Amino acid sequence: CNRSYPHSFCCSFLWERSVPSLPMSKPVDKETEKVLQAVKALFSESTTNEVRNEANKWLLGFKKTRQAWRVADAILSRPGLSRDAYYFAAYTLRRKIQYDFGDLSNMENRISLRNSLFQHALRHSADKMIRMQLALAVSVLAIH
């Protein structure tokens, strides 16, 4: 149980039992897999309200963690994932830049984030919703 999340989110996930693992061409870390499963549970039409609410609560808690930076970047870098996964990742990065920019204390991390955002914006330029979140992320980063 990872204590960086609110207790109710970290010990027993309904959505982990109800959503099958996602097919991946490359192995991903457990945290990224959990996020992808939660996003799938949140947006799947076949998900029950109870499972959807649990996935939503867990994702809200996850977005507040430091790991969210890395996982969101990893999701945006992976080809072949769902639009929902990409949107969640782009939205998470924008919110992290907006509210948790202090997590990136050194200039090297900030430059790496900037470069990564530009790469993601190019990679996801065809999808207006994802492109908008990434453009907002770049804008917020420029203000900092």
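Conventions and cut-offs
Residues numbered from 1 in each chain as written. Predicted model: local features only at pLDDT ≥ 70, side-chain atom pairs only at ≥ 80, totals over all residues. Heavy atoms only, no water. Helix = DSSP H or I, 4+ residues; strand = E, 2+ residues; numbered from the N terminus. Buried < 20%, exposed > 50% of the residue type's maximum accessible area, 1.4 Å probe, protein only. Contact = heavy atoms within 4.5 Å. Areas by Shrake-Rupley, 256 points an atom, 1.4 Å probe, with all protein chains shown as cover. Phe/Tyr/Trp six-rings, centres within 6.5 Å; stacked < 30°, edge-to-face > 60°. Core = buried A, V, L, I, M, F, W, Y, C linked by side-chain atoms within 4.5 Å. Expected span 1.5 Å × (residues − 1). Arc of directions from axis to C-beta. Polar contact = N/O pair within 3.5 Å; in protein donor to acceptor, adjacent residues only side chain to side chain. Salt bridge = Lys/Arg side-chain N within 4 Å of Asp/Glu carboxyl O.

A. Looking closely at the overall build of the protein. A count of helices and strands for the protein gives eight helices and zero strands. Reading the protein from its N terminus to its C terminus gives the helix and strand order α-α-α-α-α-α-α-α. Here the protein holds 144 residues, and 41% of them are scored as buried. Pairs at least 24 residues apart make up 60% of the contacts formed inside the protein by residues separated by at least 6 positions. Here the protein has roughly 8300 Å² of accessible surface; of this, 54% comes from carbon and sulfur atoms.

B. Representation of the packing of aromatic side chains. Throughout the structure, instances matching the rule amount to two aromatic pairs. Between the aromatic rings of W58 and F62, the centroid separation amounts to 5.4 Å while the plane-to-plane angle is 15 degrees, which identifies the pairing as stacked. With W58 and F62 both in helix α4 (residues 49-62), this residue pair falls four residues apart, about one helical turn. Judged by relative accessible area, W58 falls into the buried class, the value being 1%. Accessibility expressed as a relative area gives 1% for F62, which makes it buried. Ring plane angle 15 degrees and centroid distance 6.2 Å describe the contact between Y87 and Y91, whose orientation is recorded as stacked. On the criterion of helical spacing, the pair formed by Y87 and Y91 is a turn pair, its members being four residues apart in helix α6 (residues 83-99). By relative accessible area, which is 26% here, Y87 ends up partly exposed.

C. Looking closely at the nonpolar core. Grouped together as the largest cluster of nonpolar side chains are 34 residues, with contacts concentrated most on V35, L59, I75, I97, L113 and L117. Among all residues touching L113, those that are not within four sequence positions of it are W69, L93, I97, L104 and L141.

D. Main features of helix α8 (residues 128-143). The end-to-end C-alpha separation of α8 is 22 Å, in line with the 22 Å expected for 16 residues at 1.5 Å each. When we look at burial in α8, the residues that qualify are I130, Q133, L134, A137, V140 and L141. Looking straight down α8, one finds that the buried residues subtend no more than 120 degrees of arc, so they occupy a single side. Away from the buried face of α8 by more than 90 degrees, exposed residues K128, A142 and I143 are located. Buried residues along α8 sit in contact with α5 (67-77), α6 and α7 (107-123). With a side-chain oxygen lying 3.1 Å from the backbone nitrogen of M129, the N-terminal cap of α8 falls on D127.

E. Examining the pattern of salt bridges more closely. Across all of its chains, the model carries five salt bridges by this definition. For D103, the salt bridge is made with R66, and the minimal N-O distance between the two is 3.5 Å. Placement of D103 in the loop between α6 and α7 and of R66 in the loop between α4 and α5 is noted, with a sequence separation of 37 residues between them. With a relative accessible area of 22%, D103 lands in the partly exposed category. Note that K96 and D100 form a salt bridge whose closest N and O atoms lie 3.0 Å from each other. The buried category is assigned to K96, whose relative accessible area is 1%. Residue classification places D100 among the partly exposed residues on the basis of a relative accessible area of 24%. Taken together, the salt bridges that share partners define one network made up of R66, K96, D100 and D103.

So yeah, pure geometry; function would need other evidence.
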